[in-house]
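The chain contents come next:
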Amino acid sequence: FPVTIRTGNSSYEVLSALAENNKSTHEILTILFDASDRTESEVNALKNTCLQNMSFAEDQAMLIYKEALQPSDDPEDQYLMHSSEIRIAIAKRLNLSDLFIELIMNDPYYIVRGYLAKNECVKDMYLSRLALDPEQSVRSDVVQNSNASETTKASAILLGVDQDEE
């Protein structure tokens, strides 16, 4: 049966619970993702929660990620920080494909790469590459990931990690 969700008439808590629920269908998550009749902070929070939900289709998440990588109008925004919240939410997904992991590993913003390095769905073969990241905090995140092998952790530590992470 068709589902109608009037996001403007529903409490934010109900919408947020729907966005978090892994049994919510992709269709419901898409409606919530596209909701624009809320406050800006609520809209952003709903988008981020939907993107992390494993029921949200990966192909659509990948399109959103690639769109978020497009340069902004601000010449000072070289790391695309205007769209970093969306990219971080995607890097936190617990069901990233190898192709998606490869894409996020090359994100220009080290904080996005750091969230990927923290993600427990990332295999050691990718963590070993993130262990060589030029940013010290990303290497520290690799060391904290339980999927990182001792060799991967040693590589990160040899290159240097945050002092409080060793």
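Because the structure is a prediction, the values reported are computed rather than measured.

Draft legend 1. The packing of helix α3 (residues 40-52) against helix α5 (residues 84-91), seen in detail. One way to put it is that α3 packs onto α5 with a least axis distance of 7 Å and a crossing angle of 30°. By the angle between their directions, the pair α3 and α5 is classed as roughly parallel. Considering how the two elements wind past one another, α3 and α5 form a crossing that is right-handed. The residues of α5 that touch α3, namely those facing Asn-44, Asn-48, Leu-51 and Gln-52, are Glu-85, Ile-86, Ala-89 and Ile-90. In the contact of α3 with α5, the residues fall into four nonpolar, three polar and one charged.

Draft legend 2. Here's a closer look at the packing of aromatic side chains. Counted according to the given criterion, the structure contains three aromatic pairs. Here the aromatic rings of Tyr-65 and Phe-100 are separated by 5.9 Å at their centres, their planes lie at 80°, and the arrangement is edge-to-face. Residue Tyr-65 is located in helix α4 (residues 58-68), and its partner Phe-100 is located in helix α6 (residues 98-105); the two are separated by 35 residues in the primary sequence. Measuring from ring centre to ring centre gives 5.6 Å for Tyr-109 and Tyr-110, while their planes differ by 70°; the resulting arrangement is edge-to-face. Here Tyr-109 falls in the buried class, since its relative accessible area comes to 11%. The partly exposed category is assigned to Tyr-110, whose relative accessible area is 33%. Taking NZ or CZ as reference, Lys-47 lies 4.1 Å from the ring centre of Phe-33, over its face.

Draft legend 3. Spotlight on the side chain of Ser-84. Position of Ser-84 among the secondary structure elements: in helix α5. Excluding its chain neighbours within four sequence positions, the residues that come into contact with Ser-84 are Tyr-109 and Val-112.

Draft legend 4. Here's a closer look at the environment of Leu-96. Tracing the chain through its elements places Leu-96 in the loop between α5 and α6. For Leu-96 and Glu-58, which are 38 residues apart along the polypeptide, the C-alpha to C-alpha distance reads 7.7 Å. Once residues lying within four places of it in the same chain are set aside, the contact partners of Leu-96 are Glu-58, Ile-90, Ala-91, Ile-101, Ile-104, Leu-116, Asn-119 and Cys-121.

Draft legend 5. Structural detail: the nonpolar core. In terms of nonpolar packing, the biggest core is built from 38 residues, with Leu-51, Phe-56, Phe-100, Ile-104, Leu-116 and Leu-130 touching the most fellow members. Leaving out residues up to four positions away in the same chain, Phe-100 has contacts with Glu-58, Ala-61, Met-62, Tyr-65 and Ile-90.

Draft legend 6. Highlighting α3. Between the first and last C-alpha of α3 there are 19 Å, a value that for 13 residues agrees with the 18 Å anticipated at 1.5 Å per step. For α3, the full list of buried residues reads Glu-42, Val-43, Leu-46, Lys-47, Asn-48, Thr-49, Cys-50 and Leu-51. Where α3 is buried, its residues touch α1 (12-20), α2 (26-33), α4 and α5.

Draft legend 7. How the structure looks around the confidence of the model for the protein. Per-residue confidence for the protein averages 89 on the pLDDT scale, and 87% of its residues sit at or above 70. Averaged over each element, pLDDT in the protein is lowest for α3 (90) and highest for helix α8 (residues 124-130) (98).

So, how was this worked out
Residues numbered from 1 in each chain as written. Predicted model: local features only at pLDDT ≥ 70, side-chain atom pairs only at ≥ 80, totals over all residues. Heavy atoms only, no water. Axes fitted to C-alpha atoms, helices over the stretch in contact; angles between N-to-C directions. Helix = DSSP H or I, 4+ residues; strand = E, 2+ residues; numbered from the N terminus. Parallel < 35°, antiparallel > 145°, perpendicular 65-115°, else oblique. Left-handed = near helix turned anticlockwise from the far one by under 90°. Contact = heavy atoms within 4.5 Å. Nonpolar A, V, L, I, M, F, W, Y, C, P; charged D, E, K, R; others polar. Phe/Tyr/Trp six-rings, centres within 6.5 Å; stacked < 30°, edge-to-face > 60°. Buried < 20%, exposed > 50% of the residue type's maximum accessible area, 1.4 Å probe, protein only. Lys NZ or Arg CZ within 6 Å of the ring centre and 35° of its normal. Core = buried A, V, L, I, M, F, W, Y, C linked by side-chain atoms within 4.5 Å. Expected span 1.5 Å × (residues − 1). pLDDT = per-residue confidence, 0-100.

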